[in-house]
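# Structural overview for review
Next come the chains, spelled out residue by residue.
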Amino acid sequence: MEQEFELIAKTFMGLEPVLAQELTQLGANNIQIGRRMVSFSGDKEMMYRANFQLHTAIRILKPIRHFKAQSAEDVYEEIQKIDWSEYIEDGKTFSVDSVVYSEEFRNSRFVTYKVKDAIVDQFREKTGSRPNISVSNPDIRLNIHIAEDRATLSLDSSGESLHRRGYRQESVEAPLNEVLAAGMILMSGWKGDTDFIDPMCGSGTLLVEAALIARNISPGVFRKEFAFEKWNDFDKDLFDEIYNDDSQEREFEHHIYGYDIDMKAVNTARLNVRAAGLTKDITVEQADFKDFKKPENKSIIITNPPYGERISTPNLLGTYKMIGERLKHEFGGNDAWVLSYREECFESIGLKPSIKIPVYNGSLECEFRKYSMFEGKLKEFRSEGGIVKTEEEKREMAEKHRFKKNREFKKRLDEDDNDPEEDDIRSFKFRSLDSSRRLSFDRRRERRDDDDRDKGRKRGGFDSDRKSDKGGKWHDKGGKRFGKDNGGKRFDRENRRRDNGDFKKKGRRNYEED
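Anyway, here's the lowdown on the structure attached to this text.

Reading guide: rules and limits
Residues numbered from 1 in each chain as written. Predicted model: local features only at pLDDT ≥ 70, side-chain atom pairs only at ≥ 80, totals over all residues. Heavy atoms only, no water. Pairing = 2+ DSSP bridges. Helix = DSSP H or I, 4+ residues; strand = E, 2+ residues; numbered from the N terminus. Expected span 1.5 Å × (residues − 1). Buried < 20%, exposed > 50% of the residue type's maximum accessible area, 1.4 Å probe, protein only. Polar contact = N/O pair within 3.5 Å; in protein donor to acceptor, adjacent residues only side chain to side chain. Axes fitted to C-alpha atoms, helices over the stretch in contact; angles between N-to-C directions. Contact = heavy atoms within 4.5 Å.

In this section: the pairing of strand β5 (residues 93–101). In the sheet, β5 pairs with strand β6 (residues 132–133) via two bridges, with the strands oriented parallel. Bridge pairing links T93 to N132 in β6. Where β5 lies against strand β7 (residues 140–147), eight bridges are found, and the strand directions are parallel. Note that in β7 the partner of D97 across the bridge is N143.

This part covers helix α8 (residues 263–275). With 13 residues, α8 should reach 18 Å at 1.5 Å per residue; the first-to-last C-alpha distance of 18 Å fits that figure. Within α8 the residues assigned to the buried category are A265, V266, T268, A269, R270, L271, N272, V273 and A275. Two or three places before K264, at the start of α8, stands the capping residue D262, its side-chain oxygen 3.0 Å from that residue's backbone nitrogen. Residue G277 follows α8 closely and has a positive phi angle near 70 degrees.

Before going further, it helps to spend a moment on the sheet that holds strand β14 (residues 355–361). As summarised here, the arrangement of the seven strands in space is β11-β10-β9-β12-β13-β15-β14, forming an open sheet in which the pairing is mixed. Two strands close off the open sheet at either side, each with one partner strand: β11 (282–286) and β14. Across the sheet, the mean angle from the axis of one strand to that of its neighbour is 20 degrees, orientation sign disregarded. Looking at chain direction, β14 and strand β15 (residues 364–372) are connected through seven bridges and run antiparallel. Considered in β15, the bridge of I355 is made with K370. Strands β10 (256–260) and β11 of the sheet are contacted by α8, whose axis makes an angle of about 165 degrees with β11.

Let us look at the pairing of strand β12 (residues 299–303). By the criterion of burial, β12 is predominantly enclosed, with five of the five residues buried. Residues S299, I301 and T303 point to one face of β12 and I300 and I302 to the other, with burial holding for every one of them. Strand direction decides the pairing type here: strand β9 (residues 195–198) and β12, joined by three bridges, are parallel. For D195, the partnering residue across the bridge sits in β12 and is S299. In this sheet, strand β13 (residues 335–340) lies alongside β12 in parallel orientation, the contact comprising four bridges. Directly across from I302, in β13, lies its bridge partner W337.

With that settled, consider the environment of E173. Secondary-structure assignment places E173 in the loop between β8 (150–156) and α5 (178–188). Considered as a pair, E173 and A265 are 92 residues apart in the sequence and their alpha carbons are 9.1 Å apart.

Structural measurements only, silent on function.
Next up, the structure:
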């Protein structure tokens, strides 16, 4: 049995308990929740699976040395104690990323230089040559974290942040981060047991992440590579086995609906859904939330409306008032979850939440609120056995220090906005891939059944026989599943298998043009 070692999964503030639960289900040991991270232990297979299967991790680090450092010279000396020939082979490149919370080390770039110097000097003294530094595509990625005088040096097994799944082709302004979207869905408890609706879907991140969770598809299936694939001890056969194991994937008997008033957002979401090979499970249409009607099937709404920070509407508070009105009158018997930032926005919804969960969206301390909608009067609803707030939700809401003291929760819309754009997840920009690298995933998309395209499905959410303000036609209720087939295909699980182990040439890296 392979020896276990320490590992660290990084995540966003507020998602640590969700990530810990994912690790528990994955079979990790010694799970400990920290600040924006969860530590655990496991073997090589666990490290590979954590990268490939976790929905709420940003990256997976493998610590190789813990030490105390009072000065830059202490850092240099401790790094020199490591035999770097075990990690960096001749001709390989490396990079160093630094995260520093210390009065002594106020400049993370200076710490980065010290680590690089210590490694380069060791190679020069022993071999007379030095490894090269590569910022864009290094063979070995290192991470040093310093909190006051406590330092941890780790190998970065992920490489590019795990939130960059690989299915996003285009984006709209202020897209929702994939890891945060997955965390929101997992916090809601939804696992695909009802229909899923995002009435303000933007580029479709919540839709795609919901489909992955509903079908239990590993988010790493879209990625071209992980950093650990360049390590000296990379076990290709083991990772091939993990990659090709779809035994835990499941059928999804319900449907996911996305709507947006902006046709550009609708087209972008459709493109991303198609790239993910999930058009069978997701339908995206142009529609205004104000026209929302009660769905015919049991459903959940999870949505991320504009905050008035990076993206807004002409009447922000009016938008939130409309959201509350639609939920109250057209979503009885279902649950709705809303992520937002401004206190006034939540007040404008005009509904009492059953739970408030603090979660960071970049530098913004937001709230993720659940609204349990019922029809009729509350007294009658409870007398019939209805539950607005579960015992677990009551316990969570009763926790002291649930929100940080003196939290910077916006109270006025006219306050100056000094939040750094680079710290806000909603400000991330994703480049559009040129046609030579468009991800069609033809080798591993669904075994499409032509009959399934015409499979009858009731729709819900919006008026029939109406036209949107921008000319888009609403489709009739019932009958064929509404929305045009975008031509996307899901993964062909048989063709996804790697041919004779020639993974790099014939496996998931072989993306063909659309």
